[in-house]
Amino acid sequence: MNIVEQLQSLDTNDIGRWPLLFRSVLIVIIFIAVSVGGSYQFVYRSKAKLLTQEEAKEVELKHTFEAKQERAANLAAYVEQLAKMKVSFGAMLRQLPSRTEVPSLLVDISQTGLAAGLEERLFQPSGEIKKDFYAELPIKIRLQGSYHDIAQFVSGIAALPRIVTLHDVSIQPDRQSGGDNLVLDVTAKTYRYLEEET
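Each chain has its residues counted from 1, running along the sequence as written. Predicted model: local features are reported for residues with pLDDT of at least 70 only, side-chain atom pairs are reported and counted for 80 or more only, and whole-chain, interface and lining totals are derived from all residues. Note: side-chain values were computed over all heavy atoms of the structure, leaving out hydrogens and water.

## Some points on the overall build of the protein
For step 1, the next point in the chain: Runs of E in the DSSP output that reach at least two residues are strands. Runs of H or I that reach at least four are helices, and both are numbered from the N terminus. A count of helices and strands for the protein gives 5 helices and 5 strands.
For step 2, the next point in the chain: In sequence order, the secondary structure elements of the protein are arranged as α-α-α-α-β-β-β-α-β-β.
For step 3, the next point in the chain: Throughout, exposure labels follow a simple rule: accessible area from a 1.4 Å probe, protein chains only, divided by the maximum for the residue type, with under 20% read as buried, over 50% as exposed, and the rest as partly exposed. For the protein, with 198 residues in total, the buried portion stands at 21%.
For step 4, the next point in the chain: The contacts of the protein with a sequence gap of at least 6 include a subset with a gap of at least 24, amounting to 60%. Contact definition: two residues touch when any of their heavy atoms are within 4.5 Å.

What follows is the structure, given as structure tokens:
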């Protein structure tokens, strides 16, 4: 009897009577199937989730690395830009008056109005308002004059060597004079760097 005939004559209900060779082969096949199934279930599936997490972490680390590499590649440009910003910041600080220069700046603002031909009706400096690293000094101003005189005043304020900004601008016809004159109500603000006090 050859092997093919023996296979055909095997009774699947009575495995115990099979020849030793076929029983051994069946046991090996079952062992391999159980080993492969168990390995898949307990090793591969449990590690698959960990593998997915590690792959996601790898992608994140690659992005982080690329971002840091890009910053490192541009470090020289950033250092140069920082140096320029320091120079620019120093130049801007020089435009802020020190505590001792504020009175002369107030005189300059007042003189700018008078030089423009405006009549000064109110010039009222308020107390300093301290911010993060600077102090703000608001000055309420009311001036009366022509449109061109007001424009000359604003131009003169912009030309001052110190930083002065104009806020809450209100221009109305002068009811008292009844002519072409206007009344300018404005809050001029100058700023002082606070580091000198610390």
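## Some points on the packing of helix 4 (residues 102-115) against helix 5 (residues 147-159)
Axes are the key here: two packed helices are described by the angle between their axes and the distance separating the axes.
For step 1, the next point in the chain: Note on method: axes are straight lines fitted to C-alpha atoms, helices fitted across the in-contact stretch only, with angles between N-to-C directions ranging 0 to 180 degrees. Between helix 4 and helix 5, the least distance of the axes is 8 Å, while the angle of their chain directions is 150°. Crossing angle aside, the handedness with which helix 4 passes helix 5 is right-handed. Contacts between helix 4 and helix 5 involve Ile109, Thr112, Gly113 and Ala115 from the former and Gln152, Phe153, Gly156 and Ile157 from the latter.
For step 2, the next point in the chain: In this classification, the charged set is Asp, Glu, Lys and Arg, the nonpolar set is Ala, Val, Leu, Ile, Met, Phe, Trp, Tyr, Cys and Pro, and all remaining amino acids, among them Gly, are polar. The class makeup of the residues in the contact of helix 4 with helix 5 is 4 nonpolar, 4 polar and no charged. Left-handed is the label given to a crossing in which the near helix is rotated counterclockwise from the far helix by less than a right angle, and right-handed is the label when the rotation is clockwise.

## Side note on the pattern of salt bridges
For step 1, the next point in the chain: A pair is scored as a salt bridge if a Lys or Arg side-chain nitrogen falls within 4 Å of a carboxyl oxygen belonging to Asp or Glu. What the rule picks out here adds up to 7 salt bridges.
For step 2, the next point in the chain: With a shortest N-O distance of 3.9 Å, Glu58 and Lys62 are connected by a salt bridge. Of this pair, Glu58 and Lys62 both sit in helix 2 (residues 20-73), 4 residues apart, roughly one helical turn.
For step 3, the next point in the chain: Across the pair Lys84 and Glu80 runs a salt bridge whose closest N-O atoms are separated by 3.4 Å. Note that Lys84 and Glu80 are positioned in helix 3 (residues 75-94) at a spacing of 4 residues, about one turn of the helix.
For step 4, the next point in the chain: Residue classification places Lys84 among the exposed residues on the basis of a relative accessible area of 54%.
For step 5, the next point in the chain: Classification of Glu80 by relative accessible area gives partly exposed; the value is 48%.
For step 6, the next point in the chain: One salt-bridge network, held together by shared partners, links Glu119, Arg121 and Asp174.

## Quick word on the pairing of strand 3 (residues 134-145)
For step 1, the next point in the chain: Strand 3 sits mainly inside the fold: 9 of its 12 residues count as buried.
For step 2, the next point in the chain: Note that strand 1 (residues 119-125) and strand 3 share 6 bridges and pair antiparallel. From the neighbouring strand, Leu122 faces strand 3, where its bridge partner is Arg142.
For step 3, the next point in the chain: Any two strands with at least two DSSP-identified bridges between them are counted as paired. Note that strand 2 (residues 129-130) and strand 3 share 2 bridges and pair antiparallel. Its bridge partner lying in strand 3, Ile129 is registered against Glu136.
For step 4, the next point in the chain: Connecting strand 2 to the next strand, strand 3, in antiparallel fashion are 3 residues.

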